[in-house]
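Spelled out from the first residue to the last, the chains are:
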Amino acid sequence: MSQPMDEQSLFELRFRPTVALVSTVRRFVSEFYRELLSDADLSHKLAMATHEMLENAVHYSIDQRSDLTISAKKESGCVLVTIRTRNRATTERLEKVRVALDEVVNADDVTGMYNRLVRRAAKRTDGGSGLGLGRIRAEADLALSYAIDGDTVSVTAEGQFQP
């Protein structure tokens with residue numbers, strides 16, 4: 001049986017993620033969310049979003065380092081969840097990240113945007129599906145934002161839920 005959530009729960013992880021470690025972190029955050037929120041469906045969605053964000057960090061990082069911060073804060077019977085990744089990337093990769101994020105962040109029609117990404121993914125030959133960011137918005141109901149400072153990109157997914 002899970003314990004009631006404190007006003008705010010937070011953890012930070014700084015590491016050199018690999019594909020295997022991303023899966024390990026997903027299992028950990030899945031348990032973290034399940035214990036914290038007592039909601040299996042919401043925990044699954046948030047674990048998926050965290051996994052997608054970490055996979056992007058692994059793919060785009062130039063030094064194999066990434067920071068992950070997860071915060072859950074109680075507010076008026078709801079829980080505000082924030083997932084943030086931060087990593088360094090080359091100028092070329094930062095531009096790819098910016099284009100991909102702009103499309104997802106600025107989409108007014110989330111379902112339409114996700115359907116476009118699915119159609120595009122079916123034709124991709126360069127590895128990866130390109131669906132991760134869209135999944136975060138469409139399936140996890142999280143808003144996305146980002147900031148680029150020099151060679152560092154921070155991506156934030158945030159949502160308010162009533163578990």
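From a predicted model like this one, the values you see are computed outputs, not experimental measurements. Numbering of residues starts from 1 in each chain and follows the order in which that chain's sequence is written. Local features are withheld for residues below a pLDDT of 70 in this predicted model, meaning they are given only at 70 or higher, and side-chain atom pairs are given and counted only at 80 or more; totals for whole chains, interfaces and linings count all residues. Note: side-chain values were computed over all heavy atoms of the structure, leaving out hydrogens and water.

*Asks:* How do you make sense of unusual backbone geometry when you look at a structure like this?
*Replies:* The phi dihedral of Q64 is positive, around 60°, even though this residue is not glycine. Secondary-structure assignment places Q64 in the loop between α2 (40–60) and β2 (66–75). In this structure, S76 takes a positive phi of about 50° despite not being glycine. The way it works is that DSSP assigns letters per residue, a run of H or I at least four long becomes a helix, a run of E at least two long becomes a strand, and they are numbered from the N terminus. Structurally, S76 is set in the loop between β2 and β3 (78–88).

*Asks:* Looking at this structure, I do not really get the pattern of salt bridges. What am I missing?
*Replies:* Pairing between side chains of opposite charge can happen when their charged atoms approach one another. When a carboxyl oxygen of Asp or Glu lies within 4 Å of a side-chain nitrogen of Lys or Arg, that pair is called a salt bridge. Evaluation of the coordinates by the stated rule reveals 13 salt bridges. Of the charged contacts in the structure, one is a salt bridge between R14 and D67, with a shortest N-O distance of 3.4 Å. Taken as a pair, R14 in strand β1 (residues 8–15) and D67 in strand β2 lie far apart in primary sequence, 53 residues in all. Summary of the burial criterion: residues with accessible area below 20% of their type's maximum are buried, those above 50% are exposed, and those between are partly exposed, where the area comes from a 1.4 Å probe applied to protein chains only. Using a relative accessible area of 61% as the deciding quantity, one classes R14 as exposed. Through salt bridges that share partners, R14, D67 and R86 make up one connected network.

*Asks:* I'm lost on the sheet that holds strand β5 (residues 152–161) in this one. Help?
*Replies:* Backbone-to-backbone hydrogen bonds join strands into a sheet, with any given pair of strands oriented parallel or antiparallel. Two strands form a pair only when DSSP identifies at least two bridges running between them. Taken in spatial order, the 5 strands line up as β1-β2-β3-β5-β4 in an open sheet, and their pairing is antiparallel. Sheet topology places β1 and β4 (143–149) at the edges, where each strand pairs with a single neighbour. Adjacent strand axes in the sheet meet at a mean angle of 10° when their direction is disregarded. Where β4 meets β5, 7 bridges bridge the pair, whose relative direction is antiparallel. Under this scheme, a helix contributes an axis fitted over its contacting stretch, all axes are lines through C-alpha atoms, and angles between N-to-C directions fall in the 0 to 180 degree range.

*Asks:* It is not clear to me how the packing of helix α3 (residues 91–105) against helix α5 (residues 132–140) should be interpreted in this structure. Could you clarify?
*Replies:* Relative orientation and spacing of two packed helices are given, respectively, by the angle between their axes and the distance between those axes. At a closest axis distance of 9 Å, the pairing of α3 and α5 adopts a crossing angle of 20°. Classed by the angle they form, the pair α3 and α5 counts as roughly parallel. For α3 against α5, the interelement crossing comes out right-handed. Judged by residue contacts, A100, L101, V104 and V105 of α3 engage L133, G134 and R137 from α5. Angles below 35 degrees are treated as roughly parallel, those above 145 as roughly antiparallel, those between 65 and 115 as roughly perpendicular, and all remaining angles as oblique. Two helices crossing with the near one rotated counterclockwise from the far one by less than a right angle form a left-handed crossing, whereas a clockwise rotation gives a right-handed crossing. Should any heavy atoms of two residues lie within 4.5 Å, those residues are considered in contact.

*Asks:* Would you mind showing me how to read the environment of F32 here?
*Replies:* With respect to the helices and strands, the residue F32 is situated in helix α1 (residues 19–37). For the pair F32 and S43, spaced 11 residues apart in sequence, the C-alpha separation works out to 8.3 Å. F32 has contacts with S9, F11 and I70, leaving out every residue within four places of it along the chain.

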